[in-house]
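Architecture at a glance
Spelled out from the first residue to the last, the chains are:
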Amino acid sequence: MATSKARRVTMSEVAVRAGVSRTTVSFVLNGRADVAIPEDTRARIRAAIEELGYRPNAGARALAAKRSEWYGLITEIVTAPFAVDVIKGAQDRAWADGKFLLITAGDSDPAMEAAAFDKLLEQRAEGLLYATTWHRAVKLPPAAREVPVVLVNCFDADGALPSVVPDEAAGGHTATRRLLDAGHRRIGFINLDTGIPAAVGRRRGYEQALREAGLDVDDSLVVPGHATADGGYAAACSLLDRTDRPTALFCGNDRTAMGAYDAIKERGLRIPDDIAVIGFDNQELIAAYLRPGLTTVALPFELMGARGVDMLGALTAGQPLTTTQVTVDCPLIERSSV
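Below: a short report on this structure. Each chain has its residues counted from 1, running along the sequence as written. For a predicted model such as this one, the threshold for reporting local features is a pLDDT of at least 70, and the threshold for listing and counting side-chain atom pairs is 80 or more; totals across whole chains, interfaces and linings nevertheless cover every residue. Each side-chain value is worked out from all heavy atoms of the structure, with water and hydrogens disregarded.

1. Re the environment of T295
Helix and strand definitions here come from DSSP, where helices need a minimum of 4 consecutive H or I residues and strands a minimum of 2 consecutive E residues; each element is numbered from the N-terminal end. Note that T295 resides in strand 10 (residues 295–298). On the basis of relative accessible area, T295 is assigned to the buried category, the value being 0%. Taking the C-alpha atoms as reference points, T295 and G279, 16 residues apart in sequence, are found 6.4 Å from one another. For the purposes of these results, a polar contact is taken to be a pair of N or O atoms within 3.5 Å, where, inside protein, one atom must be able to donate a hydrogen and its partner to accept one; residues adjacent in sequence count only when each atom of the pair is a side-chain atom. A polar atom in the side chain of T295 sits 2.9 Å from the backbone nitrogen of R335. A simple rule labels every residue: compare its accessible area, found with a 1.4 Å probe on the protein chains alone, to the largest value its type can have, and call it buried under 20%, exposed over 50%, or partly exposed in between.

Structure follows, in structure tokens:
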């Protein structure tokens, strides 16, 4: 049996119940403090709204006020662990600022992303966040220029849009410094694919920490791991089979560290007694469950999401940004591998 859709209570019905004009109800709903409406009248209107279960039409209010109180967030895969952290950081900060977050997936498909921008703009979102699961340059559709947009974990290929990114170099420095502080002087580095921002930044931090410790950079100790467990395994094998093998490995991400663990254990070596290992990213399902637990540097996705909303709030309020790119520190997460 079909059920009838609940009828929406109108503003005119609220006005009749409260004994006022529809305009007076509108003034109260829109918080017009500049209009002289007695407090007892305002109270009567609020009581009528509650009794009737009236809900304002958000679209109409947005048109009238030119503000929707909504931000949009477009991300590649909304269920990916890192995307969930970005969403949490952005949503918590938006909520604290009295804003709601509309979330949609772009799935790295240009047509889908363009449609996502169009739909969020149709909903009159005041501003948009665009977040990626790995740090890189992006090029957004023309619709991205219609409202304030902040990029999270990525940056505009044209340099026109503000962004929030992890401080990759500082993170690489933190990881290497931790190994140096543990007494290691021969540190192998299993890096990511050549040229991507994370690989460039993390290597820069690695080299800086070595030089600060008075050590030469040995390029032969830097091996690509291609961001995969298999790549990490192969890279670790090549480093560990040297007669002058390193006493510690800095792995460009936690997946390469997982592969390195296998290579280390196959050779009868113990972590951290015979060789120390440190990762990057803090992928909880990997780092926390390797044995021993992996000491790693965390990508600050939740904080980047929150910072993105901060920047978006300033832009939608018409405030100039002091910088077009904010870098966020990557904290060390201590476990048992160093």
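2. So, the pairing of strand 6 (residues 187–191)
In terms of residue burial, strand 6 counts as a mostly covered element, since 5 of its 5 residues are buried. We call two strands paired when DSSP finds no fewer than two bridges between them. The pairing of strand 6 with strand 8 (residues 248–251) spans 4 bridges and is parallel. Directly across from G188, in strand 8, lies its bridge partner L249. Bridging between strand 6 and strand 7 (residues 222–224) involves 3 bridges; their strand directions are parallel. Of the residues in strand 7, the one forming a bridge with I190 is V223. By convention, orient the strands away from the viewer: a clockwise path from the first strand over the helix to the second makes the crossover right-handed. As a crossover connection, the stretch from strand 6 through helix 8 (residues 197–212) into strand 7 is right-handed.

3. A few points about the sheet that holds strand 10
One open sheet accounts for 6 strands, arranged 7-6-8-9-10-12; its pairing is mixed. Of all strands in the sheet, those with a lone pairing partner are strand 7 and strand 12 (332–333), marking the two edges. Contacting strand 6, strand 8, strand 9 (276–281) and strand 10, helix 10 (residues 254–266) crosses the sheet at an angle of about 160° to strand 9. A contact between two residues is defined here by any heavy atoms of the two lying within 4.5 Å. Orientation is described by lines fitted to C-alpha atoms, with helices fitted over the stretch in contact, and by angles between N-to-C directions that extend from 0 to 180 degrees.

4. Side note on the sheet that holds strand 5 (residues 163–166)
Sheet architecture is open: 6 strands sit in the order 2-1-3-4-5-11, paired in parallel fashion. Strands with a single pairing partner mark the edges of an open sheet, and in this sheet they are strand 2 (100–105) and strand 11 (325–328). Each adjacent strand pair in this sheet contributes to an overall mean axis angle of 20°, direction not counted. The pairing of strand 4 (residues 149–156) with strand 5 spans 2 bridges and is parallel. In the strand pairing of strand 5, V152 is matched with V164.

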